[in-house]
Amino acid sequence: MSLKQAKFYESVQANFKKAADLSGLPKGLLSQIEVCNSIYKMHFPVKIGNKFEVIEAYRVQHSHHRQPTKGGIRFSQHVNQEEVMALASLMTYKCAIVNVPFGGAKGGVKVSTRQYNAEQLEKITRRYTVELVRKGFIGPGVDVPAPDYGTGSREMAWILDTYTQLNNGELDAAACVTGKPVAQNGIAGRTEATGRGVYYATRELLLDKKMMDTVGLETGTEGKTVVIQGLGNVGTYTGLICSEEGGMKVIGISEIDGTIYDPKGIDVQKLLKYKKSKNTIIGFPGTKALKNREDWIGIECDVLIPAALESQIRKDNVNKIKAKVIVEAANGPITAEAENVLLKKGCIILPDMYANAGGVTVSYFEWLKNLSHIRFGRMEKRFDQQAMTQLVSKIESMTGKTISAREKLQLTKGADEVDLVRSGLEETMITAHEEIFTVYNRRKNVKDLRTAAFLVALEKVANDYEMMGIFP
Ligand code: NAD
């Protein structure tokens, strides 16, 4: 295990302890909340070419206080037990913060996706799913995986297909995994969900005058400069939505092959096309490549958004940071040691367990859709459309004035699934923001947003245990 990975779980534990000490909850209950309830480490053979390879993989269910448990599956050569335990723990707190009724879990498969073709990755994913089924570590009411680093809707479709083959006729089988393609029981708006949630979380923070005064920034998103590390699922949608909907200026992007910078702003949409055709972000017209990939961290900007992996901001590089606000789109990008340095400097850190909770929120909507066997909006869309059309016509006839066909269409449009999903996500992120900031603003001994978020989560998880009659 590398130092970085060991530090990740240690950081989660250190952050937990900081909040636990302020929570006033009984010690025994806190110990029960902190530990991982079930850890399944597996090794299985997969035939790659004409050789067998033994694959190491994990599924960790951190907390059974609510079931099913929920959390993504990571494909990376760095996967190890402590990393999956850290990620599973974060899932429990994340679900509690955004009022999603699941316990936390996470999966990890120790493979480098760059070393296998699609057919080989399919074999690995399907075999991993079989292992999960065999041990009862997957199912709509048991444990529901989703995408994470190195996986996406394609892998989720393979998981669903494998699970369905092994559970023929199970009525709710489609709810065994989320993040599926829309055509295969997925939900509109899931792919963008984590990035969209990151945007809503950032926007709510930037609108807070008291918080912005502490770092000397004007309120609002318009014109704020942003640097993003990682242009994968989360980083891509964060960049697109922050610029297209928030009017923010993405001035730096770091990827595996280097970091690019343009103080005038990078067009993320065009960069994605460039990356697809050239297989790199380096050389994108108008941008300059920085000398070292790691230099993204020191770019002067308003908001720094790490969206790649854990432990990217550490004691050894934290002093390079010039940003006033850091939004943790990735899980655990700042070590506990580095966080202390940043807090002393007055930096605002929006913690992962809130900032990137958009993915699990929309996964929850997908799970509900699968259980109800009906697309959101199917029942009410046309009804709402007709009611609004009648209302607009009535106003027109009463006032003697008419509006354009385009305006009419906008006013009378019934909500599609994606509209409802975005609305539900926005509501969720705003509610969670309010809950975290209520604790942060009211409790004098709470000095940072991560501790406030932890306290919100701990109280809810403790309440659940109390309802179960396990702890008085
Ligand atoms: P992804 O695999 O789609 O993308 C990650 C990107 O980061 C890749 O493009 C990769 O090349 C890049 N990268 C890796 N190491 C890098 C480095 N050192 N410097 C710069 N770029 C680097 O993964 P993702 O799903 O976007 O997940 C990113 C992070 O967000 C992870 O921490 C994950 O746990 C977290 N997260 C993901 C989701 C989700 O819905 N996918 C939800 C919540 C949290």
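Residues numbered from 1 in each chain as written. Predicted model: local features only at pLDDT ≥ 70, side-chain atom pairs only at ≥ 80, totals over all residues. Heavy atoms only, no water.

A.B. asks: Before we move on, could you go through the packing of helix α3 (residues 81–97) against helix α16 (residues 449–467) and cite the residues and values that matter?
C.D. replies: In contact at an axis separation of 8 Å, α3 and α16 are set at 85° when each is read in the N-to-C sense. Put simply, α3 runs roughly perpendicular to α16. Where α3 approaches α16, its residues Thr92, Tyr93, Ala96 and Ile97 are matched on the opposing element by Ala453, Phe454, Ala457, Leu458, Lys460 and Val461. Of the residues that constitute the contact of α3 with α16, the class distribution is 8 nonpolar, 1 polar and 1 charged. (Axes fitted to C-alpha atoms, helices over the stretch in contact; angles between N-to-C directions. Helix = DSSP H or I, 4+ residues; strand = E, 2+ residues; numbered from the N terminus. Parallel < 35°, antiparallel > 145°, perpendicular 65-115°, else oblique. Contact = heavy atoms within 4.5 Å. Nonpolar A, V, L, I, M, F, W, Y, C, P; charged D, E, K, R; others polar.)

A.B. asks: An account of the pairing of strand β5 (residues 143–147) is needed here, citing residue identities and associated values.
C.D. replies: Along β5, 4 of the 5 residues are buried, which leaves the element largely enclosed by surrounding structure. Pairing between strand β3 (residues 69–75) and β5: 5 bridges, direction parallel. Residue pairing for β5: Gly72 is matched across the bridge by Ala146. (Buried < 20%, exposed > 50% of the residue type's maximum accessible area, 1.4 Å probe, protein only. Pairing = 2+ DSSP bridges.)

A.B. asks: Summarise the site of the ligand; cite the residues concerned and give the values.
C.D. replies: Looking at the ligand, there are 24 residues lining it, with Asp148, Thr194, Val234, Glu255 and Asn331 nearest. In the environment of the ligand, an oxygen atom lies 2.9 Å from a nitrogen or oxygen atom belonging to the side chain of Arg74. Within the side chain of Arg293, an N or O atom sits 3.4 Å from a nitrogen atom of the ligand. The fraction of the free accessible surface of the ligand (830 Å²) that becomes covered by protein chains is 91%. Listing elements by their share of the shell around the ligand, those giving two or more residues are α8 (233–244) and β7 (249–255). Here the residues of the shell around the ligand are counted per class, giving 8 nonpolar, 10 polar and 6 charged. Each of two domains, domain 1 (36–184) and domain 2 (193–355), supplies a minimum of three residues to the shell around the ligand. (Near = heavy atom within 4 Å. Polar contact = N/O pair within 3.5 Å; in protein donor to acceptor, adjacent residues only side chain to side chain. Areas by Shrake-Rupley, 256 points an atom, 1.4 Å probe, with all protein chains shown as cover. Domains from an automatic or database assignment.)

A.B. asks: Explain the domain arrangement of the protein to me, using residue names and the numbers behind them.
C.D. replies: For the protein, the assigned domains are domain 1 (36–184) and domain 2 (193–355). Look at where the C-alpha atoms of domain 1 and domain 2 centre, and you get two points 28 Å apart. Listed by partner, the interface residues are 11 residues for domain 1 and 9 residues for domain 2. Interface area, domain 1 with domain 2, both sides summed: about 900 Å², of which 61% is carbon and sulfur. Taken together, the links from domain 1 to domain 2 amount to 1 salt bridge. Its salt-bridge partner being Arg74, residue Glu310 comes within 2.9 Å of it at the nearest N-O pair. At the junction of domain 1 and domain 2, the tally comes to 2 residue pairs in polar contact (both at pLDDT 80 or more). The element best represented in the side of domain 1 that touches domain 2 is α3, accounting for 6 residues. (Buried area = accessible area lost by both parts, 1.4 Å probe. Salt bridge = Lys/Arg side-chain N within 4 Å of Asp/Glu carboxyl O.)

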